[in-house]
Amino acid sequence: MRIPFAKMHGARNDYIYVDCLDGLPVAADQVPVLAAAVSERHSGVGSDGLILILPPYLPGTAFGFRMFNSDGSEGEMCGNGMRCFARFVVENGLTPDHSFTVSTLAGPIRCDVTPGGEGEAWQVTCDLGSPKFAAADMPTTLAPGPDGMVRERPFQVGGRRLEVTAVSTGVPHVIAFVEDDPGQLPWRALGRAIETHESFPKRTNVEFVRVLDRGRALAKVWERGSGETLACGTGACAVVVAGVVTGRLDREAVVSLPGGDLKVTWRETDGHMLLTGPAALVCRGEFVFAS
C-alpha cells in the first residue's frame with residue numbers, strides 16, 4: 001500500500017508525519033512495524049521516528065498525537081516532534097487557529113505557531129507543563145534524596161563515575177553534567193548503557209551537558225528507542241530544569257545541540273516549561289509499505 005507522508009524536522013530531529021484523522025493507514029498492531037520501516041535510513045525514508053496526526057482523545061484538545069521511535073517503541077511525547085506537528089496541522093489547513101492544545105500520552109500540550117516565509121522554518125512554542133522529579137515518575141530505582149529528587153546522584157556505568165539528575169518532562173531523562181565538551185566523552189556507549197540500565201525499568205533518555213554560562217548549555221543526546229539524535233526538545237527542557245535545581249542555569253536558557261539551538265523557559269509562576277524552536281518541512285511523498 002501507498003501511505004502519504006510529510007518529513008519534517010525540528011533542529012534536525014526528524015520525523016515522518018501521517019494524517020490519520022480519518023483512520024490509521026494500517027492495522028493498529030502494524031503501526032510499530034510501519035514506524036521502524038519508514039524510519040530506516042537506507043531502505044526507508046529515514047527519520048528518528050513516526051508521528052501520527054489523530055482525532056483528540058483528551059477533553060479540551062483539538063488533535064491527538066502519538067509518536068513511535070525508530071525501533072517501533074512508543075514514546076509518550078516529543079518536543080521537537082510536537083512543534084513540527086503544530087506546523088503540519090496549520091500548514092495543511094487542518095485548523096484555522098495558530099494556538100491550540102493537543103492530546104498526548106503525557107497529557108495536553110499547548111502550541112503557539114508563528115508561520116515563516118516560503119521555504120523558511122516556522123517558530124513554534126509548546127507548553128510542556130510541569131516537570132516531575134519523583135523516582136516513580138521516571139521510573140527509576142535510584143534512591144532519591146531527602147527532597148524526593150534523584151539529584152546529582154553518583155552513578156557508575158561503563159567504567160566511569162558520573163553524577164546524574166533524573167527529571168521527567170513528560171518522558172524520562174537522565175542528565176549528567178560534565179566539565180568538558182561532552183563530545184569528548186564516549187557518550188554514545190555511555191548513553192546506550194544508561195538507557196538500558198536496570199535502574200531504569202522502562203528505559204530512559206540521556207543528556208550529557210556542559211554549562212557554558214548561566215544562560216547557555218551544550219548537550220549531546222541519546223534518545224530512548226532511537227539512539228543518537230541531533231536534538232531533543234523534552235531533553236532540552238530537562239537540561240534546563242536539571243540546571244536550575246542544581247544551581248547551574250537560570251530559568252530561561254538556550255540549549256545548544258548538534259542540530260541547533262532550543263530556547264527553554266521554566267516559569268516560576270506556574271512551573272510550566274516553554275520550549276521554543278524551529279519547525280521545518282523537508283519533503284512530501286508516498287511510502288510503499290508491504291505489511
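The sections below set out a description of the structure shown in this document. (Residues numbered from 1 in each chain as written. Predicted model: local features only at pLDDT ≥ 70, side-chain atom pairs only at ≥ 80, totals over all residues. Heavy atoms only, no water.)

## Some thoughts on unusual backbone geometry
At step 1: Residues M138 and P139 are joined by a peptide bond in cis, for which omega reads -5 degrees.
At step 2: Within the secondary structure, P139 sits in the loop between β8 (122-127) and β9 (153-157).
At step 3: Although it is not a glycine, A11 adopts a positive phi angle of roughly 55 degrees.
At step 4: By the secondary structure assignment, A11 is in the loop between β1 (2-10) and β2 (13-19).
At step 5: Backbone geometry at R12 places phi at a positive 70 degrees, although glycine is not the residue there.
At step 6: Along the chain, the position of R12 falls in the loop between β1 and β2.
At step 7: Under the relative-accessibility criterion, R12 is labelled partly exposed at 46%. (Helix = DSSP H or I, 4+ residues; strand = E, 2+ residues; numbered from the N terminus. Buried < 20%, exposed > 50% of the residue type's maximum accessible area, 1.4 Å probe, protein only.)

## Observations concerning empty space enclosed by the protein
At step 1: What the rule picks out here adds up to 2 cavities of 30 Å³ or more.
At step 2: Roughly 120 Å³ of volume is contained in the largest cavity.
At step 3: N69, M77, V171, N205 and E223 are, among the 15 residues lining the largest cavity, the residues nearest its centre.
At step 4: If you list the elements that add at least two residues to the lining of the largest cavity, you get β4 (63-69), α2 (79-91) and α4 (233-245).
At step 5: A class-by-class count of the residues in the lining of the largest cavity yields 5 nonpolar, 8 polar and 2 charged.
At step 6: If you add up the space inside the second largest cavity, you get close to 40 Å³.
At step 7: If you trace the second largest cavity, you find it lined by I3, F5, I16, V18, L34, V38, L50 and F287.
At step 8: For the lining of the second largest cavity, the elements supplying multiple residues, two or more each, are β1, β2 and α1 (31-39).
At step 9: A per-class count over the lining of the second largest cavity returns 8 nonpolar, no polar and no charged. (1 Å grid on protein atoms, 1.4 Å probe; cavity = no way out; pocket = protein on both sides within 12 Å on 5 of 7 lines; lining within 4 Å. Points joined across faces, edges and corners; volume = space filled by probe spheres on them. Nonpolar A, V, L, I, M, F, W, Y, C, P; charged D, E, K, R; others polar.)

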